[in-house]
Each structure stands twice: as C-alpha cells, then as structure tokens.
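Descriptive analysis of the structure
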Amino acid sequence: MAGIEARDFTAPDETRTPDKTKIELVNIAGGQIGRFTFDPGWQWSECIKPVAKTDTCQVEHIGYCVSGGLLITHQDGTQQDITPGMVYRIAPGHDGYNKGSEPAVVVEFQGAANFAKG
C-alpha cells in the first residue's frame, strides 16, 4: 500500500439513492467514507426504514455536517440539531429529519458502509 492515499467524491466507488437521499461512498485505507445528501423533507423513518427494515436506524454514525442541517431524535428521548460545522456521534436507535429548505450534506467516517443498505 502506498504511503499516501487520496480520493474524492467525483468518482465514488458506490452510490445509493433511496428516496430523497444520495449516498456516495469512497473506499480508502480498508474502510469507507461517505458523503450523504438528504433533500428537504427527508426523514429516516420514511425514506430509509423501508430499505433497512428496522424501526429505528441501527447504524452508529460519526461525521461532520458540511451544509444544511438535520434534527436527530434518539429513542432515549434526546434530540439534537446538527448544523454546519458540527462534528457528531449518533448511537443506534434514532430517527433523523431534514426540516430545512435546502439539502443537508454530511460526511461520515463511521457508519457509511452500512447506511441504507438492505
């Protein structure tokens, strides 16, 4: 393996497009980094639940919000607005919603490989 690996999202290794969602994955260093775009009105329970076939999202996410924003509601009762510039960790057992008027764009360092994958 080379001492330096560099990739970008102009040529992703995999793209998934559930309803109101675009997931672009690049393979690097034996793992996957994902850029997720959630259109206005996107909600996990409406757009991804039919693919995942679980009541809540069971993926742990660690990422960075590039633009737009998401409201995350966890089954433990906590809620968090994820806004541009925030780094986040979301434990399994949550729902998410793009309540804004622009797409929400996040880059995920953990969770990308299994998100919206049936």
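Just above sits the structure.
First, a word on scope: everything that follows refers to the structure included in this document.

Thresholds applied
Residue positions within a chain follow its written sequence, with the count starting from 1. Restriction of local features to residues with pLDDT of at least 70 applies here, the model being predicted, together with a cutoff of 80 or more for giving and counting side-chain atom pairs; totals for whole chains, interfaces and linings are based on all residues. Think of the side-chain values as coming from all heavy atoms in the structure, minus any hydrogens and water. The rule is simple: put a 1 Å grid over the protein atoms alone, call a set of points where a 1.4 Å probe fits but cannot get out a cavity, call an open set with protein on both sides within 12 Å along at least five of seven lines a pocket, and count a residue as lining if it has an atom within 4 Å of a point. Grid points are joined across faces, edges and corners, and a volume is the space filled by probe spheres set on the points. Numbering of helices and strands starts at the N terminus; helices are DSSP runs of H or I of at least 4 residues and strands are runs of E of at least 2. Following the grouping adopted for this structure description, the nonpolar residues are Ala, Val, Leu, Ile, Met, Phe, Trp, Tyr, Cys and Pro, the charged ones are Asp, Glu, Lys and Arg, and the polar ones are all others, Gly among them. Classification of ring pairs uses Phe, Tyr and Trp, with its six-membered ring standing for Trp, and accepts pairs whose centres are within 6.5 Å; under 30 degrees between planes counts as stacked, over 60 as edge-to-face, and the remaining range as tilted. Accessibility here uses a 1.4 Å probe with only protein chains present; expressed as a share of the type maximum, an area under 20% marks a residue as buried, one over 50% as exposed, and anything in between as partly exposed.

Unfilled space is identified by rolling a water-sized probe across the atoms. There is about 170 Å³ of room inside the largest pocket. Residue lining of the largest pocket: Ile72, His74, Asp76, Thr78, Gln79, Gln80, Ile82, Tyr88, Arg89, Ile90 and Ala91, and that is the complete set. Within the residue set of the lining of the largest pocket, elements represented by two or more residues are strand E5 (70-74), strand E6 (79-82) and strand E7 (87-90). Tallied by class, the residues present in the lining of the largest pocket amount to five nonpolar, four polar and two charged.

This part is about the packing of aromatic side chains. Considering all chains together, one arrives at four aromatic pairs under this definition. Judged by centre distance (5.0 Å) and plane angle (15°), the ring pair of phenylalanine 36 and phenylalanine 115 falls under stacked. Within this pair, whereas phenylalanine 36 is found in strand E3 (residues 31-38), its partner phenylalanine 115 is found in the segment after strand E9 (104-110), the two being separated by 79 residues in sequence. Owing to a relative accessible area of 1%, phenylalanine 36 belongs among the buried residues under this scheme. Judged by its relative accessible area of 3%, phenylalanine 115 is buried. Each ring, one from phenylalanine 38 and one from phenylalanine 115, has its centre 6.2 Å from the other, and the planes form 80°; the classification is edge-to-face. Within this pair, whereas phenylalanine 38 is found in strand E3, its partner phenylalanine 115 is found in the segment after E9, the two being separated by 77 residues in sequence. One aromatic cluster is present, formed by Phe36, Phe38, Trp42 and Phe115 through successive ring pairs.

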